[in-house]
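What the coordinates show
Letter by letter, the chains look like this.
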Amino acid sequence: MGFRLHCPKCESTNVHIERNGYGDPIMVLQCHQCGKQVYGEEAIDALHDEQKREWDKVAPERQKAEAKAEAERRRVAEEDRKILEAERAKARKKQEQKEAEEAARAAELKAWAEKIRKQQAEEAAAKRAAEEAKEKAEQEARRKAAHVPVCLVPIVIIEGICAWKDCDNPVAENSKYCCQECRKKAARWTYHQKKKAERVAARATA
Ligand SMILES: [Zn+2]
Ligand SMILES: [Zn+2]
């Protein structure tokens, strides 16, 4: 900063010089800070010279002080810049971390959804296979049932005559047979017929 005339009382530089009065106006220095006035051109000149001398005298020290203040300002600015930089780096790192965490969560969710989908598909396939197997078994059973004769030789029952095929005797009371012997023979014969039918069916489906 260059030299500036200032108020001799309060040292404010908020001063100005004007000419006051009529005819032979006088030069006045007016301080707008404290109201101090200095009258006369000579007095103002003297004040200027004195202040300028004083200013020149302390100039090297002032320059040194200003240089020091400037260095300090730069140091503080540099420190501020470093702090800001560090904070930005921290924020960047935090953001990167957050993004990485989000990506990991998304991947986990995707894997989970994939697992569920796979599980559901497997369950559906197993259910379908079970239904198909059941259907096939039922078809097979129906086919067998359709092909297996219950009895190879039909039994012809004549009302009132013993139901045993090799007997023509009249039936006993409350019975299809004439006697216990015929009933047993008929039961044995039916049993063998069934066995025979099963063997035929087994050969047919083998
Ligand atoms: Zn003043
Ligand atoms: Zn009989």
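Before any of the text, the structure's been laid out above.
Each chain carries its own residue numbering, running from 1 in the written order of its sequence. Here the convention is simple: chains get letters from A, ligands get numbers from 1, in the order in which they are written. At least 70 in pLDDT is required for a residue's local features to be given in this predicted model, at least 80 for side-chain atom pairs to be given and counted, and no such filter applies to totals for whole chains, interfaces and linings, which use all residues.

If you tally the helices and strands in the protein, you get two helices and three strands. Put simply, the radius of gyration uses C-alpha atoms, and a globule should come to 2.2 Å times the residue count raised to 0.38. In summary, the protein has a C-alpha radius of gyration of 63 Å against a globular reference of 17 Å for 206 residues, an excess of more than 25%. The principal-axis extents of the C-alpha atoms in the protein amount to approximately 180 × 40 × 25 Å. Exposure classes come from backbone-placed C-beta atoms, where a residue is buried if 20 or more other C-beta atoms lie within 10 Å of its own, exposed if 12 or fewer do, and partly exposed in between. With 206 residues in all, the protein has 4% of them scored as buried. Put simply, of all contacts in the protein between residues at least 6 apart along the chain, 30% involve residues at least 24 apart. Secondary structure counts use DSSP, requiring at least four H or I residues in a row for a helix and at least two E residues in a row for a strand, with both numbered from the N terminus. Residue pairs are scored as contacts if the distance between their C-beta atoms, which are placed from the backbone, is within 7 Å.

Another aspect to go through is unusual backbone geometry. Of note in this structure, Glu11 is not a glycine but carries a positive phi near 65°. Along the chain, Glu11 falls in the segment before strand S1 (15-20).

Pairing between S1 and strand S2 (residues 26-31): six bridges, direction antiparallel. Bridge pairing in S2 links Ile17 to Leu29. Linking S1 back to S2 in an antiparallel pair, the connection comprises five residues, with Gly21 at a positive phi of about 95°. If DSSP finds at least two bridges between two strands, the strands pair.

The strand order S1-S2-S3 describes an open sheet built from three strands, whose pairing is antiparallel. Strand pairing shows two members of the sheet lacking a second neighbour, S1 and strand S3 (37-39), which therefore form its edges. Along the sheet, successive strands turn relative to each other by an average axial angle of 25°, direction set aside. Every axis corresponds to a line fitted to the C-alpha atoms, with the helix fit spanning only the stretch in contact, and the corresponding angles, defined between N-to-C directions, vary from 0 to 180 degrees.

Before going further, it helps to examine the pairing of S2. Summarising the sheet, S2 and S3 pair through three bridges and their orientation is antiparallel. From the neighbouring strand, Leu29 faces S3, where its bridge partner is Val38.

Take helix H2 (residues 180-205) next. Here the expected span of a helix is defined as 1.5 Å times the quantity of residues minus one. Over its 26 residues, H2 runs 38 Å from end to end, which matches the ideal 38 Å to within 8%, given 1.5 Å per residue. Here H2 lies mainly on the outside; one of its 26 residues are buried.

Structurally, Gly21 can be placed in the loop between S1 and S2. Taking the C-alpha atoms as reference, Gly21 lies 96 Å from Ala111; in sequence the two are 90 residues apart.

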